[in-house]
Amino acid sequence: MSRAIGFHRLGDETAYALVEKPELAPPQVLAAGRVPNEELAELIDRLDARSLPWGLAAEEDGRMRRTLPADWPLRARGEEVLTAPAPAAAFWDWELGRFDVEDLYLWLSASSLHWSRGLPGRDLAGTIPRSGPLRATLRPALSRAQTDRNPVVLFVEGDAPGADVLEELVRDAGHPLRPLQRPSEEMGADPAAAGVALALLSDSYPALHAPARLDASY
């Protein structure tokens, strides 16, 4: 049995998920939620998580963040701890058997549309910040789907606006649509935070990266 903690940077807040992976059972979420960034160090101490493996899913303008935030309370010395939110979220649901390799995975949040196709962490994935009409946001994601109108698996986070519009657009494009629901046992965990924690406990997710070193004069 092993544990890890994952984080997903969300502007002024950080989502977290403490995940346990038993040897003969599916992964379990032990604690999850969101905290203001200035309270993150206190949370880590409260969870006694400084000795655990940790990882951060983060993006800036749709691209994976390559460095740790300046105020980050944990340090990585060459460890592979960074990944992008979209493949991390898809990895969580993939490992729990919630979609197939030919499906297009979509996660709609209040701020972004995350997508993944193929094997999470190995094939194509990305994040499209929401700005302007949802139709324009969805078009790049659907273009990643194969021309044979592959099924779409959709997770809508909370009350993220535009879910009904998104479902209509997917169906109009000819894709079978299957909404994804998560059990209450996952405590509403952010899938990217849970996914990066699970990635640290797995050998099948190759998309972890060590933070880049930047010149201090930048």
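Heads up: the structure comes first, above all this text.
Asks: Mind showing me how you'd approach the overall build of the protein chain here?
Replies: Counting its regular elements, the protein chain contains five helices and 12 strands. Since a compact globule built from 218 residues should have a radius of gyration of about 17 Å, the 17 Å found for the protein chain is in line with a globular shape. If one aligns the C-alpha atoms of the protein chain with their principal axes, the spans along those axes are about 50 × 50 × 30 Å. A buried classification covers 50% of the 218 residues belonging to the protein chain. For the protein chain, the accessible area works out to roughly 10900 Å², and carbon and sulfur atoms hold 47% of it. Here the protein chain contributes 23 positive and 33 negative side-chain charges, whose respective centroids are spaced 4 Å apart.

Asks: Which parts of the structure should I look at to understand the packing of aromatic side chains?
Replies: By convention here, two paired aromatic rings are described through the distance between centres and the angle between planes. A full pass over the atoms with the stated rule returns six aromatic pairs. Plain terms: the ring middles of Phe99 and Tyr105 are 5.0 Å apart, the flat faces sit at 35° to each other, and that makes the pair tilted. Tyr105 carries the same exposure label as Phe99, and that label is buried. A ring pair is formed by Trp107 and Phe155, whose centres lie 6.4 Å apart and whose planes are at 40°; its orientation type is tilted. Note that Trp107 is positioned in strand 8 (residues 104-108) and Phe155 in strand 11 (residues 152-156), a separation of 48 residues in sequence.

Asks: Which parts of the structure should I look at to understand the sheet that holds strand 1 (residues 2-10)?
Replies: Two orientations exist for strands paired in a sheet by backbone hydrogen bonds: parallel and antiparallel. Strand order in the open sheet formed by five strands is 3-2-1-4-7, with mixed pairing between adjacent strands. Of all the strands in the sheet, just strand 3 (28-36) and strand 7 (82-83) have a single pairing partner and so form its edges. Here strand 2 (residues 13-21) pairs with strand 3 via eight bridges, running antiparallel. The partner of Leu18 across the bridge, within strand 3, is Ala31.

Asks: Please explain the environment of Ala193 as it appears in this structure.
Replies: Locating Ala193 in the fold gives a position in helix 5 (residues 191-200). In sequence terms Ala193 and Val19 are 174 residues apart; their C-alpha atoms lie 9.3 Å from each other.

Asks: Explanation requested: the pairing of strand 4 (residues 54-57) in the structure shown.
Replies: As a general feature of sheets, a regular strand has side chains that alternate between the two faces. Side chains Trp54 and Leu56 project from strand 4 onto one buried face, and the interleaved Gly55 and Ala57 project onto a second face that is buried too. Pairing of strand 1 with strand 4 involves four bridges; the strand directions are parallel. Paired with Ile5 across the bridge in strand 4 is Trp54.

Asks: Looking at this structure, I do not really get the pattern of salt bridges. What am I missing?
Replies: If the charged atoms of two oppositely charged side chains come close together, the side chains can form a pair. A full pass over the atoms with the stated rule returns 13 salt bridges. A salt bridge links Glu157 to Arg34; the nearest nitrogen and oxygen atoms lie 2.5 Å apart. Of the two residues, Glu157 sits in the loop between strand 11 and helix 4 (163-172) while Arg34 sits in strand 3, which places them 123 residues apart along the sequence. Ionic pairing is found between Arg182 and Glu186, a salt bridge with its closest N-O pair at 3.8 Å. Comparing Arg182 with Glu186 shows no difference in burial state: the two are buried.

Asks: Mind showing me how you'd approach the environment of Pro22 here?
Replies: As for its placement among the helices and strands, Pro22 is situated in the loop between strand 2 and strand 3. Between the C-alpha atoms of Pro22 and Glu39, which are 17 residues apart in sequence, the distance is 29 Å.

Asks: How do you make sense of helix 3 (residues 134-142) when you look at a structure like this?
Replies: Along an α-helix, residues three or four positions apart point the same way, because every turn accommodates 3.6 residues. When we look at burial in helix 3, the residues that qualify are Leu134, Thr137, Leu138, Ala141 and Leu142. Each buried residue of helix 3 sits inside an arc of 125° when the element is viewed along its axis, so together they form one side. Considering only its buried residues, helix 3 is in contact with strand 8, strand 9 (112-117), strand 10 (125-129), strand 11 and helix 4.

So, how was this worked out
Residues numbered from 1 in each chain as written. Predicted model: local features only at pLDDT ≥ 70, side-chain atom pairs only at ≥ 80, totals over all residues. Heavy atoms only, no water. Helix = DSSP H or I, 4+ residues; strand = E, 2+ residues; numbered from the N terminus. Rg over C-alpha atoms; globule rule 2.2 N^0.38 Å. Buried < 20%, exposed > 50% of the residue type's maximum accessible area, 1.4 Å probe, protein only. Areas by Shrake-Rupley, 256 points an atom, 1.4 Å probe, with all protein chains shown as cover. Lys, Arg positive; Asp, Glu negative; His and termini not counted. Charge placed at Lys NZ, Arg CZ, Asp CG, Glu CD. Phe/Tyr/Trp six-rings, centres within 6.5 Å; stacked < 30°, edge-to-face > 60°. Pairing = 2+ DSSP bridges. Salt bridge = Lys/Arg side-chain N within 4 Å of Asp/Glu carboxyl O. Arc of directions from axis to C-beta. Contact = heavy atoms within 4.5 Å.

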